[in-house]
Amino acid sequence: MLIPMGFHLTHRKLQRGDVVQPGSWGGVVLDAGTTHEWFERETLLEAIRAKHYPTKPSRLQSAYYFPDLNHAMHYWVNFAQGDRVYAVQVADTSAPFHHAFMTCLPPVQGRTDEEIAHHYWRKDLMVTRGKFRTATEEILTTSALVVSSEFIFSPELFEDPTAVTVDLSARN
C-alpha cells in the first residue's frame, strides 16, 4: 500500500507508475557545481543540516513533494509555471522525512543566509512569498515517490478556479 499522497513538480513528462528517485535535485545541483544558480544555497543548507540537524534528511539526497494541492498550486503559480504537477505516493513510509516551509529558503531580506537555514530546518519561521503571500510547505523524504496522476494547471485557473485533472490510469 502506497501512502500518503502529495504533489510533485518537475519539468519531466512522467506516466502513472513512474518512480521519482530521491536525490534527483541534489544530482542536478552537484553536477553543475558552482555554475548552478542555487549551488551556494544548497551547500549552505547541507552544511547547516549536517552540523546541527543530522537526523533530518539531506535536501541533496531527498525527493520533494507538497502535502496538498494548495501548496503545489502556490509553488506552480509563483515559481514553476513551466513544470508539470503530479499526484504522488511515498513508496517507503518508514523513510526519514522533514516538513519545511520552502518559502523559508535563503535569501530572505533582513536575515543572514545562515540564520534562515536554521529556521528552515527548525520550521519555526513562516516566510511569505509570491502572488498570494503565503508560506509554501514542502516535504523532503529519502523515499522514492510513485506517480499516480498528472494535474494540468493554467494561469486562467486562478481567475476561474475550476481545476482540470487528467487521470493517467485511463492510459495503456
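Residues numbered from 1 in each chain as written. Predicted model: local features only at pLDDT ≥ 70, side-chain atom pairs only at ≥ 80, totals over all residues. Heavy atoms only, no water.

**A short note on the overall build of the protein**
Looking only at helices and strands, the protein has four helices and eight strands in total. Reading the helices (α) and strands (β) of the protein from amino to carboxyl end gives β-β-α-α-β-α-β-β-α-β-β-β. Split into buried and exposed, the 172 residues of the protein put 46% on the buried side. At a minimum sequence separation of 6, the contacts of the protein that also span at least 24 residues come to 75%. When the accessible surface of the protein is split by element, carbon and sulfur atoms take 52% of a total near 9,100 Å². (Helix = DSSP H or I, 4+ residues; strand = E, 2+ residues; numbered from the N terminus. Buried < 20%, exposed > 50% of the residue type's maximum accessible area, 1.4 Å probe, protein only. Contact = heavy atoms within 4.5 Å. Areas by Shrake-Rupley, 256 points an atom, 1.4 Å probe, with all protein chains shown as cover.)

**Details of the pattern of salt bridges**
Taken as a whole and assessed by the stated rule, the structure comprises nine salt bridges. Of the charged contacts, one joins Glu42 and Arg41 as a salt bridge, the two residues approaching to 2.8 Å between their closest N and O atoms. Across the pair, Arg41 and Glu42 agree in class, each one buried. Through salt bridges with shared partners, a single ionic network connects Arg41, Glu42, Arg59 and Glu138. (Salt bridge = Lys/Arg side-chain N within 4 Å of Asp/Glu carboxyl O.)

**Topic: the packing of aromatic side chains**
With the rule as written, the count across this model stands at three aromatic pairs. Look at Phe7 and Phe151: their rings are 5.2 Å apart centre to centre, the planes differ by 80°, and that puts the pair in the edge-to-face class. Residue Phe7 is located in strand 1 (residues 5–10), and its partner Phe151 is located in strand 7 (residues 145–152); the two are separated by 144 residues in the primary sequence. Residue Phe7 is classed as buried on the basis of its relative accessible area, which comes to 6%. Among the residues examined, Phe151 registers a relative accessible area of 12% and is labelled buried. Plain terms: the ring middles of Phe66 and Tyr75 are 5.2 Å apart, the flat faces sit at 35° to each other, and that makes the pair tilted. For Phe66, a relative accessible area of 6% translates into the label buried. When the ring centre of Trp38 is taken as origin, the NZ or CZ atom of Arg41, which lies over that ring, is 4.2 Å away. (Phe/Tyr/Trp six-rings, centres within 6.5 Å; stacked < 30°, edge-to-face > 60°. Lys NZ or Arg CZ within 6 Å of the ring centre and 35° of its normal.)

**A few points about the sheet that holds strand 5 (residues 97–101)**
With antiparallel pairing, three strands are arranged side by side in an open sheet as 3-6-5. Single-partner strands in this sheet number two, and they are strand 3 (63–65) and strand 5. Each strand axis lies, on average, 25° off the axis of its neighbour in the sheet, ignoring direction. Where strand 5 lies against strand 6 (residues 137–141), five bridges are found, and the strand directions are antiparallel. Paired with Phe97 across the two strands is Thr141, which belongs to strand 6. Running at roughly 125° to strand 5, helix 4 (residues 113–122) makes contact with strand 5 and strand 6 of the sheet. (Pairing = 2+ DSSP bridges. Axes fitted to C-alpha atoms, helices over the stretch in contact; angles between N-to-C directions.)

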